[in-house]
Amino acid sequence: MSRVAWLAVALLASACAEPPNTEMNQAQGAIDAARAVGAERYATSEYNAATEALKNANTAVAQGDYRLALNYALESREHAQNSARDAADTRARLRGEIERSMAEVAALMAQAGTRLEAARKARAPRRALDEIAAAIAMVNEDVQKAGEAIKSDDYFTARAALDGVKERIEKAIAAVDEASKSQVQRRRS
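Residues numbered from 1 in each chain as written. Predicted model: local features only at pLDDT ≥ 70, side-chain atom pairs only at ≥ 80, totals over all residues. Heavy atoms only, no water.

A. Here's a closer look at the packing of aromatic side chains. Taken as a whole, this structure holds two aromatic pairs when the rule is applied. Aromatic side chains tyrosine 42 and tyrosine 155 sit 6.5 Å apart centroid to centroid with 50° between the ring planes, which places their arrangement in the tilted category. Of this pair, tyrosine 42 sits in helix α3 (residues 39–42) while tyrosine 155 sits in helix α7 (residues 155–162), and the two are 113 residues apart along the sequence. The pair tyrosine 42 / tyrosine 155 is uniform in exposure class, with both members buried. With 5.0 Å between their ring centres and 25° between their planes, tyrosine 42 and phenylalanine 156 make a pair best called stacked. In this pair, tyrosine 42 is assigned in helix α3 and phenylalanine 156 in helix α7, connecting sequence segments 114 residues apart. Members of the aromatic cluster, joined through ring pairs, are Tyr42, Tyr155 and Phe156. (Phe/Tyr/Trp six-rings, centres within 6.5 Å; stacked < 30°, edge-to-face > 60°. Helix = DSSP H or I, 4+ residues; strand = E, 2+ residues; numbered from the N terminus. Buried < 20%, exposed > 50% of the residue type's maximum accessible area, 1.4 Å probe, protein only.)

Encoded structure:
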């Protein structure tokens, strides 16, 4: 074997003679960065793959298989970077959806309030209007919960709080309209 070949073999052997600490530290740093942007919650599968690969890298180091540890460390870093990117994309998408929903609900709430006030002035049946006002108040509570969740960047909870809210407020508006119509019909009779 030539001297160049022996040198190449020696370099390869020495490259795998030490644990891949640098790569493992980079993988841990990428996992920490992914966790900081919410990857545990918003990109769970990629994040879990990253932590599992780093765990496997540590196991390989303990067994003295530094080449395998290097492969796992590189895999871990890649999964962690992907999870950070996926988490940021998911959070941005959810935030946009929730902001649109909140705007729609706010407009409907204003409309419900205006119609409820008009129905009260028109002396629609008080009992019906009190029930509608209670339904609107419950919707408002859910909207407040969603707002609090948004403030804490918990978009899944915000989305759950808004689930069905639009339909409930539309139903309340229809009930106000019905109560107002019945009052107008009673006056004409």
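B. Region of the structure containing unusual backbone geometry. Look at arginine 123: it is not a glycine, yet its phi comes out positive at around 60°. Along the polypeptide, arginine 123 turns up in the loop between α5 (66–121) and α6 (126–151). Despite not being glycine, aspartate 153 shows a phi value in the positive range, around 55°. Tracing the backbone shows aspartate 153 in the loop between α6 and α7. Owing to a relative accessible area of 35%, aspartate 153 belongs among the partly exposed residues under this scheme.

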